[in-house]
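If you want the building blocks of each chain, they are given just below.
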Amino acid sequence: MKLIILGPPGSGKGTVSERLAKDFHLFHVSVGDLLRKEAKKNTALGKKISSYIDKGDLVPHQMAIDIAKKAIDKKQNFIFDGFPRSVDQAKLIQDVDIDAVIYLDVPEKDVVKRLSGRLLDPVTRKTYHLQYLPPPKNIMKRLIQRKDDTPKVIKERFKVYHQETEPVIKYYQKKGVLKKIDGRGDPAAVYARVKKAVTL
Ligand code: AMP
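Residues numbered from 1 in each chain as written. Predicted model: local features only at pLDDT ≥ 70, side-chain atom pairs only at ≥ 80, totals over all residues. Heavy atoms only, no water.

A. Looking closely at the overall build of the chain. Per the secondary structure count, the chain includes eight helices and seven strands. The C-alpha atoms of the chain give 16 Å as radius of gyration, which agrees with the globular expectation for 200 residues (16 Å, within 12%). C-alpha extents for the chain along the principal axes are approximately 45 × 40 × 30 Å. The 200 residues of the chain split such that 46% are buried. The long-range fraction of contacts in the chain, counting pairs at least 24 apart against all pairs at least 6 apart in sequence, stands at 69%. Total accessible area computed for the chain in this model is approximately 11000 Å², and 54% of it derives from carbon and sulfur atoms. (Helix = DSSP H or I, 4+ residues; strand = E, 2+ residues; numbered from the N terminus. Rg over C-alpha atoms; globule rule 2.2 N^0.38 Å. Buried < 20%, exposed > 50% of the residue type's maximum accessible area, 1.4 Å probe, protein only. Contact = heavy atoms within 4.5 Å. Areas by Shrake-Rupley, 256 points an atom, 1.4 Å probe, with all protein chains shown as cover.)

Set out below in structure tokens:
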């Protein structure tokens, strides 16, 4: 199974992907995670990547494509999380036979609330939320807020989302592979909807 998950920042793509990966034995490819990992290395490439992420802008398309393609290698079962993020990127992976594209539909006011209480575990790279997905108490101390989860950067990420990523939803809708899922509510309820749509 080859899946893509799309949605605005904070819509729950990471959480849903992790669960799908576990239940359907898929390789989880989060280009954002891979970029953050590279950015932490403090190399010339890492610094370049940080300069885009920290502002809320997309890294150059070719860089995203190279990372995504290298990650899947020859794997037959995977989920792309937050990729492709533009129609240009989508066109560049036309040769990959995608079974379904999950679009998590969440109103902007809800995702802004979710982003503000979001915490990242730098060890497992799992995302938690103080209210909606509380972390285990014993890891609380090591959790961090993502640099791009600040109000100014969130605003830019939404701008980029509307301009670059929303057209990708229409692109896959035309291809007949889009599954629009109501992404409101608690993570378990959202996941149940996604799982049902994927198994249909
Ligand atoms: P995410 O973890 O998916 O929210 O991504 C965090 C950041 O990584 C984004 O704001 C972009 O700067 C960068 N990024 C992630 N995926 C892509 C992509 N497909 N194309 C370009 N930049 C990306």
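Having seen it, we continue.
B. The arrangement of the sheet that holds strand E7 (residues 178–182) in detail. Read across the open sheet, the five strands follow the order E2-E3-E1-E4-E7; overall the sheet is parallel. Each edge of the open sheet carries a strand with a single partner, namely strand E2 (27–30) and E7. On average, adjacent strands in this sheet sit at an angle of 20° to one another, irrespective of strand direction. Bridge count between strand E1 (residues 2–6) and strand E3 (residues 78–81): four bridges; the pairing is parallel. Note on E3: the bridge partner recorded for Ile5 is Asp81. Contacts from helix H7 (residues 151–174) reach E1, strand E4 (100–105) and E7, with the element oriented near 140° to E1. (Pairing = 2+ DSSP bridges. Axes fitted to C-alpha atoms, helices over the stretch in contact; angles between N-to-C directions.)

C. Main features of the site of the ligand. The ligand sits among 16 residues. The nearest are Arg36, Asp57, Arg85, Gln89 and Arg146. With respect to the ligand, the backbone of Gly82 contributes an N or O atom lying 3.4 Å from a nitrogen atom. With respect to the ligand, the side chain of Gln89 contributes an N or O atom lying 2.8 Å from a nitrogen atom. Ranked by the residues each element gives to the shell around the ligand, the list is headed by helix H2 (residues 31–40), at four residues. A per-class count over the shell around the ligand returns seven nonpolar, three polar and six charged. (Near = heavy atom within 4 Å. Polar contact = N/O pair within 3.5 Å; in protein donor to acceptor, adjacent residues only side chain to side chain. Nonpolar A, V, L, I, M, F, W, Y, C, P; charged D, E, K, R; others polar.)

D. How the structure looks around the packing of aromatic side chains. Applying the stated criterion across every chain yields a total of three aromatic pairs. Aromatic side chains Phe78 and Phe80 sit 4.9 Å apart centroid to centroid with 55° between the ring planes, which places their arrangement in the tilted category. Judged on exposure class, the residue Phe78 and its partner Phe80 are both buried. A ring pair is formed by Tyr171 and Tyr172, whose centres lie 5.1 Å apart and whose planes are at 85°; its orientation type is edge-to-face. For the pair Tyr171 and Tyr172, a shared accessibility class is recorded, and that class is buried. (Phe/Tyr/Trp six-rings, centres within 6.5 Å; stacked < 30°, edge-to-face > 60°.)

E. Geometry of unusual backbone geometry. With omega at 0°, the peptide bond leading from Phe83 into Pro84 counts as cis. For Pro84, the position within the fold is in the loop between E3 and helix H5 (87–92). Phi is positive for His25, which is not a glycine, with a value near 55°. Locating His25 in the fold gives a position in the loop between helix H1 (13–24) and E2. Not every positive phi belongs to a glycine, and Asn42 is a case in point at roughly 65°. Following the sequence through the fold, Asn42 ends up in the loop between H2 and helix H3 (44–53).

F. A look at the pattern of salt bridges. Tallied over the entire structure, the rule returns 15 salt bridges. For Lys195, the salt bridge identified is with Asp23, shortest N-O distance 3.4 Å. Here Asp23 lies in helix H1 and Lys195 lies in helix H8 (residues 187–199), a separation of 172 residues in the sequence. Residue classification places Lys195 among the partly exposed positions, given a relative accessible area of 33%. A relative accessible area of 36% places Asp23 in the partly exposed class. Among the ionic pairs, Asp95 bridges to Lys69, the shortest N-O distance being 3.8 Å. Of this pair, Asp95 sits in the loop between H5 and E4 while Lys69 sits in helix H4 (residues 61–72), and the two are 26 residues apart along the sequence. On the basis of relative accessible area, Asp95 is assigned to the exposed category, the value being 60%. Residue Lys69 is classed as partly exposed on the basis of its relative accessible area of 33%. (Salt bridge = Lys/Arg side-chain N within 4 Å of Asp/Glu carboxyl O.)

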